[in-house]
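Remarks on the overall topology
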Amino acid sequence: MKTLSYNIKIYATPERVWDILWGTETYNVWTKFFSCDSQMKSDWKVGGKTYFTDGDGNGMVSTIERIDEPNEIVFKHLGMIKDGQEDFDSEDVKAWAGSLEKYLLVDYNGETQLHVEVDIQPEYEEMMNNGFDQGLAMVKHLAEK
């Protein structure tokens, strides 16, 4: 497992950036760089379930490990969902289960430093770098409009 990190300064409040990151109208706008028709469905509870899926409903099953809105959220990835079935036990899943994805928002007088850390398997590094570089630029654009 490898941990990648990304930082971007956004001229907006943490509340505004949080709303862009997780809002139903904007989540799929910045995550399209990872997968077309990206969606997120969450109960927003620590220990609950969060689904990160594509337009066909396939993707990842996660939980929120920590949340302090609008300052921090940490997702723990648990398994996959494919064709409506959740998989927590396959060898593919066991290779990365327990990996974390962290979003930290720090307020500097109305400007926000957004820091993201994500644990990945090395073969996904280029995809993640491209997705986060373009996705976080889109978050900045949307939050500063």
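None of the values given here were measured: they were computed from a predicted structure.

**Overview of a nonpolar patch on the surface**
A surface patch of nonpolar side chains, about 250 Å² in accessible area, is lined by W44, V46 and I67. If you trace the backbone, V46 turns up in the loop between β2 (39-42) and β3 (50-53).

**Concerning the confidence of the model for the chain**
Counting all residues, the mean pLDDT for the chain is 94, and 100% of those residues have values of 70 or more. Here helix α3 (residues 91-94) is the element of the chain with the lowest mean pLDDT, 89, and helix α1 (residues 14-22) is the one with the highest, 97.

**Observations regarding the pattern of salt bridges**
Throughout the structure, instances matching the rule amount to 8 salt bridges. The shortest N-O distance in the salt bridge between K9 and E111 comes to 3.5 Å. You can see K9 sitting in strand β1 (residues 2-10) and its partner E111 sitting in strand β8 (residues 111-120), a full 102 residues away along the chain. Between K49 and E86 there is a salt bridge whose closest N-O contact spans 2.8 Å. Highlighted residues: K49 in the loop between β2 and β3 and E86 in strand β6 (residues 85-87), separated in sequence by 37 residues. Under the relative-accessibility criterion, K49 is labelled partly exposed at 36%.

What counts, and where the lines are drawn
- Residues numbered from 1 in each chain as written.
- Predicted model: local features only at pLDDT ≥ 70, side-chain atom pairs only at ≥ 80, totals over all residues.
- Heavy atoms only, no water.
- Patch = residues over 30% accessible without salt bridge, like charges linked within 9 Å, V, L, I, M, F, W, Y side chains within 5 Å.
- Areas by Shrake-Rupley, 256 points an atom, 1.4 Å probe, with all protein chains shown as cover.
- Salt bridge = Lys/Arg side-chain N within 4 Å of Asp/Glu carboxyl O.
- Helix = DSSP H or I, 4+ residues; strand = E, 2+ residues; numbered from the N terminus.
- pLDDT = per-residue confidence, 0-100.
- Buried < 20%, exposed > 50% of the residue type's maximum accessible area, 1.4 Å probe, protein only.

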